[in-house]
Structure formats: structure tokens, C-alpha cells
Amino acid sequence: MSTPPHHPPTSYGSVASCHICGAIPAVHAVVRGHRGLVVTLRFLTEEGAFCRTCGTATYRRMTSDTLWQGWWGLLSVFAAPVTMVMNIGARSRIRALPHPVGNLRPQLAPGRRVLARPPALVIMAALVVALGAVVVPKLIPHPQPTFTAGDCIRNHAKWPEQDLEEVGCSSPEAEYWISDGDKCWGRDWLLYLEYSAEKKTLCAHPMSK
């Protein structure tokens, strides 16, 4: 979208007019944007006296553009959020204005809210997917494996911690074979009771390699 022509604000007594449409009242504000360009970056500004309508349209356009143009660079990952935070003050001043009157030129169309525009929807969808990929697996219950004498296992933790998995006794991943607990000695390890299918003591013996 091309930048609207800049007209010098007209003063109605002590009330400034919008530099875009000429309506009153207006407030001076600086609306910022950011564009990442892979190896470089560009900071954009729209400065002037804005009425509520034109100021809202400018804020929404530049913020929405930053949401999809502002991430294409290493430094831009940090610069884009800072730019949008810096726009909060300008947005607040513009929103505090009453509805403008007396415009001499066409006003900018505010359009949809920033969060209702495609760039924001895409980013929110990506965040939901990323959050789900982290959280959902933790919410899925993983049944505790149980063993009996004669099974073979491997330990994904470092003894004496136990994170046991059953494997075939002929598998190269098999590290220990299991017997009843009264046969433990030397380099053997007693299994936590929750790993026993029959709730009795079991012993893990190192496999002969």
C-alpha cells in the first residue's frame, strides 16, 4: 500500500488538523514499522498530526506489515517486537481522540483490527501449533512398563536412577536380564518395585557381551 500524501496540518485556533484528511481534532504521533531484509533491516516511521480515523488506519497498517515483514533477519527477531511495543503510546493517544469532523480530504479506511488480519492470524496459529507440540505430549499418559523374571531391558537413565524399557534378549540394545530379587549380587541392580508385574523384588543382571 502506498503512503498517503503528507499535507501540512491546518491550525483551527489551538486545535491541529489531521495531516492526511484535514479533520479535527488531531494529535501528533509517530507510528513505527519494521522490515527485516535477511542481512540488513529497515525502520519505518509515519510522523504527523493524526485524527482518530487516519491514525487508527496508519497504526493498523504499519503494525500488520511489521507482523509479516519484520522477522526476516537475525536482528529483526528482536527489533520487530520492540517496534510494536513502541507503537503502544501512539495508539493510546490516537484512540483517546473523539470522532473527527470537518475533513477536507478523504480519510484512510481503518480496516480490520490487527489481530483479525491474516498476518496476526498466521502468527497466532503458528504459536498454538508450537505450544501444542510442547505441551500435548506431556499430557498424554505413558503407561509404566512392568517386567517379570526372564525379560531383558535397557536403562535410559544412569544407575541408580531407572528409566527402563523392555527389549528383546537377542537385541544388541539389551543391557540387563531380569531374575528374582534374591539372586542379586556384585554388579546387579534391584529394580524399583513399580517395575515388577507381580509386585515382588526383581534383579537386573548385566548381559554378557
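Residues numbered from 1 in each chain as written. Predicted model: local features only at pLDDT ≥ 70, side-chain atom pairs only at ≥ 80, totals over all residues. Heavy atoms only, no water.

Glancing now at the confidence of the model for the chain. Per-chain confidence: the chain averages 88 in pLDDT, with 93% of residues scoring 70 or above. Summarising per-element confidence for the chain, the mean pLDDT is lowest in strand E1 (residues 11-12) (46) and highest in helix H1 (residues 52-69) (95). (pLDDT = per-residue confidence, 0-100. Helix = DSSP H or I, 4+ residues; strand = E, 2+ residues; numbered from the N terminus.)

Mapped onto the elements of the fold, Asn-155 is located in strand E5 (residues 152-155). Within the local environment of Asn-155, its side chain forms a polar contact with the backbone oxygen of Glu-161, the two atoms lying 3.0 Å apart. The contact partners of Asn-155, leaving out residues within four places of it in the chain, are Glu-161, Gln-162, Asp-163, Leu-164 and Glu-175. (Polar contact = N/O pair within 3.5 Å; in protein donor to acceptor, adjacent residues only side chain to side chain. Contact = heavy atoms within 4.5 Å.)

Right, let's talk about the packing of H1 against helix H3 (residues 118-139) for a bit. Axis separation between H1 and H3 bottoms out at 8 Å; the angle between their running directions is 45 degrees. By the angle class used here, H1 and H3 are oblique. For H1 against H3, the interelement crossing comes out left-handed. Seen from H1, the contacting residues are Ser-64, Leu-67 and Trp-68; seen from H3, they are Pro-119, Ala-120 and Ile-123. Of the residues that constitute the contact of H1 with H3, the class distribution is five nonpolar, one polar and no charged. (Axes fitted to C-alpha atoms, helices over the stretch in contact; angles between N-to-C directions. Parallel < 35°, antiparallel > 145°, perpendicular 65-115°, else oblique. Left-handed = near helix turned anticlockwise from the far one by under 90°. Nonpolar A, V, L, I, M, F, W, Y, C, P; charged D, E, K, R; others polar.)

The next point concerns unusual backbone geometry. The linkage connecting Ile-24 with the following residue, Pro-25, adopts the cis geometry, with an omega of -5 degrees. Along the polypeptide, Pro-25 turns up in the loop between strand E2 (15-16) and strand E3 (27-37). A cis geometry characterises the amide bond from Trp-159 onward to Pro-160, with omega recorded as 10 degrees. As for its position among the elements, Pro-160 is in the loop between E5 and strand E6 (164-167). Positive phi, close to 55 degrees, is recorded for Lys-199, a residue that is not glycine. Mapping Lys-199 onto the fold places it in the loop between strand E8 (189-190) and strand E9 (202-206).

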